[in-house]
Amino acid sequence: MIRLEKRPSPSRVWAAMTPVLAVVATMIAGGFLFWMLGKDPLESIRTIFWDPLFHETFGPYSRPQLLVKAAPLILIAIGLSLGFRAGVWNIGAEGQYIMGAICGAGVGLAFFPADNPLIFPTMILAGALGGWAWAMIPGFLKVRFGTNEILVSLMLVYVAEALLASVSQGLLQNPDGMGFPGSRNFRDFPAAHNAEIFTNTGMHWGVVFAFVAVIFAYVLLTRHMLGFHVRLTGEAPRAARFAGVNPTRLVLFCLGTSGALAGMAGMFEVSGPAGQISIDFNSGYGFTAIIVAFLGRLHPIGILLAGLLMALTYIGGELAQLMLGLPAAAIQMFQGMLMFFLLAMDMLTNYRIRFSMKTA
Amino acid sequence: MEEIRAQDALLTLEGLTKAYPGVVANDDVSFSILPGEVHALLGENGAGKSTLVKMIYGLVKPDQGEMRLKGEVFEPYNPAAARAAGVAMVFQHFSLFDALTVAENIALGMDNPPKPRELTSQIRQVSEAYGLPLDPKRTVGDLSAGERQRVEIIRCLLQDPKLLIMDEPTSVLTPHEVEILFETLRKLTAEGTAILYISHKLEEIRALCEHATILRLGKVVDTCDPREKSARELAEMMVGTSLHVPERDPSEPGDVVIEMDHVSLHSHTAFGTDLKDVSLAVRAGEVVGIGGVAGNGQDEFLSALSGEAWLSSGEVRLKGTCIANLRPNQRRALAVLSAPEERLGHSAAPDMSLTENALLTAAVRQRLTKRGFLRWGKTESFAKDVIKEFDVRTPGPDNAARSLSGGNLQKFVIGREVLQKPEVLVVNQPTWGVDASAAAAIRQSLLDLAADGAAVIVISQDLDELLEIADRFTALYEGKLADPVPTKGLTVETIGLMMGGGEEETAA
């Protein structure tokens, strides 16, 4: 008989091991899935996880993409992880990401075609503010009226999407675009363009900010009283209050920070890799970042690694579509499975499995 | 003697052993329980009492050894199987739903509940037969702790048990309620039901039990007839060394340090108790004991002083200055410290290390931060000091609070506040669930603190404790505080009256 026995305290070894196990389990289950689709499972897995980095032909093209895709995921996930640690569930990072992009791009385009070195920094600030303000809506409603931040932040994603569609056909539409929806392309606006810092590395300012955010979060959580209060609130809310934490301020801090980081991510994306505001500019980074946050154990370094891995599945997935004709949905399922296995494996940190001969 | 007992025993344990990672909870435990006897299980915290009864009740499976119930092998694989075999248990912490009625709660805990109307009449019948007054239609949230316990007991009795296990049943009862409980237990044993009685309270065991098995560090170290032993002898068997009796030089109390002036406070928890017009002044060097049955405003009283809750009216003054508008850490800066009752989740964060838990309240006074940044080295050495000074048994400050036994965590939580040199210390249930020697050490530290000039307020349901250490005594009843009186010359009966709001509870 197999039994589960609660551990006296959560196992640190398993806490670090479960993401790795989850990835392995996802590869196995994913391989099985691809096999059922009539593809060679080993080749599929290799195409997703190996070829983007080391393939002779595709490697040079996809390697820079790794940083491009990972940066927004990491930036958003770092912000989310602070809230998740404190039990504040911001599920609407996608909306904050869109609002950051709209605000950042809007401010930039207002100066078109000026050439001033302050334009880009102003856009970063505007993007952060846009995401922050969008996250403050569920924050204010929660602390003032006790509404559920999960529902409000999620619903605001759809409001943001509607706004995005509206501005790309109205307010921010390219006047020289011959009526096509979408804004001017930032490639034609050097002062506001989030270009690569080193050519062909994928390294843009968003990547820099993502790394800074990782370090910032790491220091905050391990070395600062505010980070301690964030963790304490998640572990034991009553003890946090006893320790002098002001719950209202903490909720607003967590939502505000995650909103600002998501907004920045949106601004870097729109002014760089995406290039312009368009109806479907957002590509679900805000939601995928939730998986990244958990896959990284809500730990800054873990999130960094998880972000890179998740970026790899994006690129590898595209490659697999191209090379093997795998459907796009199969890749989304692949990412979903990762979350599923991770949550299932999490049990191992709190419980140990005992095999015993006796049957009941 | 055990061999003779074993022949007609109801339950026999033979060589029960249970090991957890890092600790052997029970090591080769053997004894037997006769039908119709009250059998005491005595031991310090961490002696293995809980694990042992969990094995009997089917919650934990022994690694080795055998149990026999009426001569037949007894291997309950879950509590339902244990109940079916006639073993029932009343837990220290009640598992009741506040929003449901007594009858609904009882039905939820039964394996095959009868129809509601039948059940109600059964409850009435049992409650009358055993002298446990209880209305099945009342909402549990409105019941006192004693009444809640009756719900649990009646739930057990409805299953007609042959063995009833009771874990610390009197820790939440008034003296009068204890008497009612003992009457019930005597009626049960007269009918042949055996009772396994776990308690720290030695006088109770002497009054109630016919046989005692004493556990120390997981092993049976002695058996005796507690009626023939003095409480001191029992305690020494249990602890293995002589008890440390707190000593205190009576000192002249100084000036008033902390003062509550007509304090009212609205409770924000669903079944909390509002504080009503509470006034109390405590002088330097004085220990004031606050008795009262749990749920009469103890948590709210502490939160009014700790700064966790805002007052609806009245003032709290520290040496004449109003501190009612200060937050917890601002009060800590002024040396007003507190230790709430609930260890896991309120005074400590269960999954955080002891070092992190030291930071929880000591950051301000011990200067554990510098411009908001944490000084982990200093924090860890403070945690180590607490562990050393208060003899907290743990491998080290990196261990999670949850991994400590209740008594050890309590020593840590009290030690954390005492070592910060408070001028005012408010503690709620400082020795709840703590073994005799640790409790004595905690009490001594509170007395030392007062001797050094601090004002100490002890909220407790253990009257013996309050009588032992308090200079003045008062009690909370339905959120109201009685006028404090000197402890000297108080009788348990007078105290019972204060705890019942001045009116004698009508006996059933």
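Owing to the predicted nature of the structure, the values given are computational and were not obtained by experimental measurement.

(A) Region of the structure containing the sheet that holds strand β15 (residues 321-322) of chain B. Residues and elements named next belong to chain B. As summarised here, the arrangement of the four strands in space is β12-β11-β14-β15, forming an open sheet in which the pairing is antiparallel. Pairing within the sheet leaves two strands with one partner each, and these edge strands are β12 (275-283) and β15. Relative to β12, strand β11 (residues 256-265) runs antiparallel, the two sharing six bridges. Note that in β12 the partner of E259 across the bridge is A281. Packed onto the sheet, helix α10 (residues 298-306) meets β11, β12 and β14 (313-318) and runs at close to 120° relative to β11.

(B) Focus on the sheet that holds strand β3 (residues 38-43) of chain B. All names here are of chain B. Read across the open sheet, the six strands follow the order β6-β7-β8-β3-β9-β10; overall the sheet is mixed. Every interior strand has two partners, whereas the edge strands, β6 (87-90) and β10 (219-224), have only one. Between one strand axis and the next, the sheet turns through 20° on average, direction left out of account. Across the sheet, helix α2 (residues 49-56) lies against β3, β6, β7 (163-167), β8 (194-198) and β9 (211-216), angled at about 140° from β3, the strand it touches most. Contacting β6 and β7, helix α6 (residues 145-157) crosses the sheet at an angle of about 175° to β6.

(C) Seen up close, the interface of chain A and chain B. Contact residues are listed per partner, giving 25 residues for chain A and 37 residues for chain B. Together, the buried faces of chain A and chain B total about 2700 Å²; carbon and sulfur atoms form 61% of this surface. For chain A, the biggest contributors to the area lost against chain B are F228(A), R238(A) and F242(A); these three give 27% of the whole. At the boundary of chain A with chain B, the tally comes to two salt bridges. Of the charged contacts, one joins R231(A) and E356(B) as a salt bridge, the two residues approaching to 2.6 Å between their closest N and O atoms. Where chain A packs against chain B, one counts nine residue pairs in polar contact (both at pLDDT 80 or more). It is helix α9 (residues 225-235) of chain A that provides the largest number of residues to the side of chain A that touches chain B, a total of five residues.

(D) Broad picture of the confidence of the model for chain B. Taken residue by residue, chain B gives an average pLDDT of 85. The fraction at 70 or more is 91%. Of the regions scoring below 50 in pLDDT, residues 503-508 of chain B engages in six contacts with residues more than four places distant in sequence or in other chains.

(E) Highlighting a positive patch on the surface. Residues R367(B), K370(B), R371(B), R375(B) and K378(B) make up a contiguous surface patch of positive charge. Of note, K370(B) is situated in strand β17 (residues 369-370).

How each quantity is defined
- For every chain, the first residue of the written sequence is number 1, and numbering continues from 1 onward in sequence order.
- Chain A is the first chain written and ligand 1 is the first ligand written, with later ones labelled in order.
- Note on the predicted model: pLDDT of at least 70 is required for a residue's local features to be given, and 80 or more for side-chain atom pairs to be given and counted; whole-chain, interface and lining totals, by contrast, use all residues.
- As a rule here, side-chain values cover all heavy atoms of the structure and leave hydrogens and water aside.
- Any two strands with at least two DSSP bridges between them are considered paired.
- Here a helix means four or more residues in a row that DSSP labels H or I, a strand means two or more in a row labelled E, and each is numbered from the N terminus.
- In what follows, a contact means two residues having at least one pair of non-hydrogen atoms within 4.5 Å.
- Only the stretch in contact is used when fitting a helix axis, every axis being a line fitted to C-alpha atoms; angles between N-to-C directions are given from 0 to 180 degrees.
- Computed with a 1.4 Å rolling probe, the buried area is the accessible surface lost when two parts are put together, summed over both parts.
- Note on definitions: salt bridges are taken to be side-chain nitrogens of Lys or Arg within 4 Å of carboxyl oxygens of Asp or Glu.
- Polar contact criterion, stated in full: a pair of N or O atoms within 3.5 Å, where within protein one must be able to donate a hydrogen and the other to accept it, and residues adjacent in sequence count only if both atoms are side-chain atoms.
- Here pLDDT means the predictor's own confidence in every residue, given as a number from 0 to 100.
- The patches reported here contain residues having more than 30% relative accessible area and no salt bridge. Joining distances are 9 Å for like charges and 5 Å for nonpolar side chains (Val, Leu, Ile, Met, Phe, Trp, Tyr).
- Only the protein chains shown count as cover for residues, and all accessible areas are computed by the Shrake-Rupley method using a 1.4 Å probe.
- Charged-residue counts in this description rest on Lys and Arg as positive and Asp and Glu as negative, His and the chain ends being excluded.
- Where a charge lies is defined by one atom per residue type, namely NZ (Lys), CZ (Arg), CG (Asp) and CD (Glu).

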